[in-house]
Amino acid sequence: MTRIELLGVPVDVCRPENLEEEIMKILEKPGTKQIVFLTIWDLLKARNKKKDFGDCLRNADLVLPVSKSIIKGARFLKLTVPVRYNPFNAVIQILNTLDQHYRTLYMLGARKKTLQIAERNVHDTFRNLRIVGRYVGYFPKSAEDDVVQAIFKASPSLTIVSDGIKEKNLWSYHRREKFSSSIFLYYHDCFGIFAERIRRVSEKTFDAGKEIWSEILHNPIRIFLIFPYMWYKILLLCTRLFKKKESEVSA
């Protein structure tokens, strides 16, 4: 696996056929581990030096790009081009890996009914994967110590964090010293899809990089993401021009 830096943000180049091997390598590491699905918006957020999301990504064990714009950006800057992952398909591949090796799972997030249905469907699909705990999202601050302690005691191979966890990827990063050994993976729609309460973006739409339009239909205010997207394009252009001038000076 190769790690590149796109606009100063780490992105891993991991082929799907190598994902199982990488997951098993990560599991062998001591302490808290993390896998991050990186969107273009996350990338721009990570460039803000005043926020710790960039540190979270640099400390992550696997950063998988899910936005087509990241792939195009790497190609534009003539970097090693990473593989773009569909988050749900990647989750299925990761769970298959854990299932084949008789590993364990903790489920954190979503509303009670959604979590119950998701748990049942995961159990029915991955028979060798043992679910060692679950806790709903949207819990009060007073319950956090109990949640952390439950995950620590269960020591799952993987903890999937879904909707209802306000800090998203940063939740496990900020508490990484409080867990014994587990991979944490945040994916907002995961349990909703498993519970069949959220419709997956079609493969055709995802492959075309048009999933943003379905997001805009659900939340029209996201149309204003056009402005950070244009900023991303400007950053790519400036980076390429600067590198070109730098190489010309060196020559």
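As the structure is a prediction and not an experimental result, all values here were calculated from the model.

(A) Molecular detail of the sheet that holds strand β6 (residues 130-135). The strand order β4-β3-β8-β7-β5-β6 describes an open sheet built from six strands, whose pairing is parallel. The two strands at the open ends of the sheet, each matched to only one other strand, are β4 (62-65) and β6. Averaged over all adjacent pairs, the angle separating strand axes in this sheet is 20°, with direction ignored. Two strands pair when backbone bridges link them, and strand β5 (residues 104-108) and strand β7 (residues 158-161) are joined in this way by four bridges, in the parallel orientation. Residue Leu 105 lies in a different strand from β7, and its bridge partner there is Leu 158.

(B) Up close: the side chain of Lys 33. Looking at the secondary structure, you find Lys 33 in strand β3 (residues 32-38). As a buried residue without a salt bridge, Lys 33 has its nearest oppositely charged side chain in Asp 61, at a separation of 7.3 Å. Within polar-contact distance, the side chain of Lys 33 engages the backbone oxygen of Gly 31 at 3.0 Å. Excluding its chain neighbours within four sequence positions, the residues that come into contact with Lys 33 are Ile 26, Leu 27, Asp 61, Ser 181, Ser 182, Ile 183 and Phe 184.

(C) A look at a positive patch on the surface. Where like charges cluster on the molecular surface, the positive patch consists of Lys 68, Lys 72, Arg 75, Lys 204, Lys 210 and Lys 233. Considering the arrangement of structural elements, one finds Arg 75 in helix α4 (residues 68-76). According to the relative accessible area criterion, Arg 75 is exposed, its value standing at 52%.

(D) The arrangement of the packing of aromatic side chains in detail. Counting across every chain of the model gives five aromatic pairs. With 5.8 Å between their ring centres and 90° between their planes, Tyr 135 and Phe 139 make a pair best called edge-to-face. The buried category is assigned to Phe 139, whose relative accessible area is 16%. Taking 5.9 Å as the distance between ring centres and 40° as the angle between the ring planes, the aromatic pair formed by Trp 171 and Phe 179 counts as tilted. One cation-aromatic arrangement involves Arg 84 over Phe 206; the distance from NZ or CZ to the ring centre is 3.7 Å. The ring of Phe 76 carries the charged tip of Arg 240 above its face, separated from the ring centre by 4.6 Å.

(E) Focus on the pattern of salt bridges. As enumerated under the stated definition, the model contains 10 salt bridges in all. Across the pair Arg 134 and Glu 119 runs a salt bridge whose closest N-O atoms are separated by 2.6 Å. Separated by 15 residues along the polypeptide, Arg 134 in strand β6 and Glu 119 in helix α6 (residues 112-125) bring together distant segments of the chain. The exposure class of Arg 134 is partly exposed, given its relative accessible area of 38%. In this structure, Glu 144 engages Lys 141 in a salt bridge whose closest nitrogen and oxygen atoms are separated by 3.6 Å. Under the relative-accessibility criterion, Glu 144 is labelled buried at 11%. Three or more residues joined by partner-sharing salt bridges are found here, namely Lys 141, Glu 144, Glu 167 and Arg 175.

(F) Examining the environment of Ala 208 more closely. Take Ala 208: it is sitting in the loop between α10 (203-207) and α11 (211-218). C-alpha of Ala 208 to C-alpha of Leu 237: the two residues are 29 residues apart in sequence and 23 Å apart in space.

(G) Just unusual backbone geometry, in detail. One non-glycine residue, Ser 155, lies in the positive phi region at around 45°. Looking at the element boundaries, Ser 155 is found in the loop between α7 (144-154) and β7. The residue Glu 196 is not glycine, and still its phi comes out positive at about 60°. As for its placement among the helices and strands, Glu 196 is situated in the loop between α9 (190-194) and α10. Take Glu 196: its relative accessible area is 70%, and that puts it in the exposed class.

(H) The arrangement of the pairing of β5 in detail. Across the five residues that make up β5, a large majority, five, are buried. Of the two faces of β5, the one holding Thr 104, Tyr 106 and Leu 108 and the one holding Leu 105 and Met 107 are both buried throughout. Sheet analysis places β5 next to β6, joined by five bridges and oriented parallel. Within β6, the residue paired with Leu 105 across the bridge is Ile 131. As for the winding sense of the linkage, the β-α-β connection from β5 through α6 to β6 is right-handed.

Calculation criteria
Residues numbered from 1 in each chain as written. Predicted model: local features only at pLDDT ≥ 70, side-chain atom pairs only at ≥ 80, totals over all residues. Heavy atoms only, no water. Pairing = 2+ DSSP bridges. Helix = DSSP H or I, 4+ residues; strand = E, 2+ residues; numbered from the N terminus. Axes fitted to C-alpha atoms, helices over the stretch in contact; angles between N-to-C directions. Buried < 20%, exposed > 50% of the residue type's maximum accessible area, 1.4 Å probe, protein only. Lys, Arg positive; Asp, Glu negative; His and termini not counted. Salt bridge = Lys/Arg side-chain N within 4 Å of Asp/Glu carboxyl O. Polar contact = N/O pair within 3.5 Å; in protein donor to acceptor, adjacent residues only side chain to side chain. Contact = heavy atoms within 4.5 Å. Patch = residues over 30% accessible without salt bridge, like charges linked within 9 Å, V, L, I, M, F, W, Y side chains within 5 Å. Areas by Shrake-Rupley, 256 points an atom, 1.4 Å probe, with all protein chains shown as cover. Charge placed at Lys NZ, Arg CZ, Asp CG, Glu CD. Phe/Tyr/Trp six-rings, centres within 6.5 Å; stacked < 30°, edge-to-face > 60°. Lys NZ or Arg CZ within 6 Å of the ring centre and 35° of its normal. Right-handed = clockwise from strand over helix to strand, strands pointing away.

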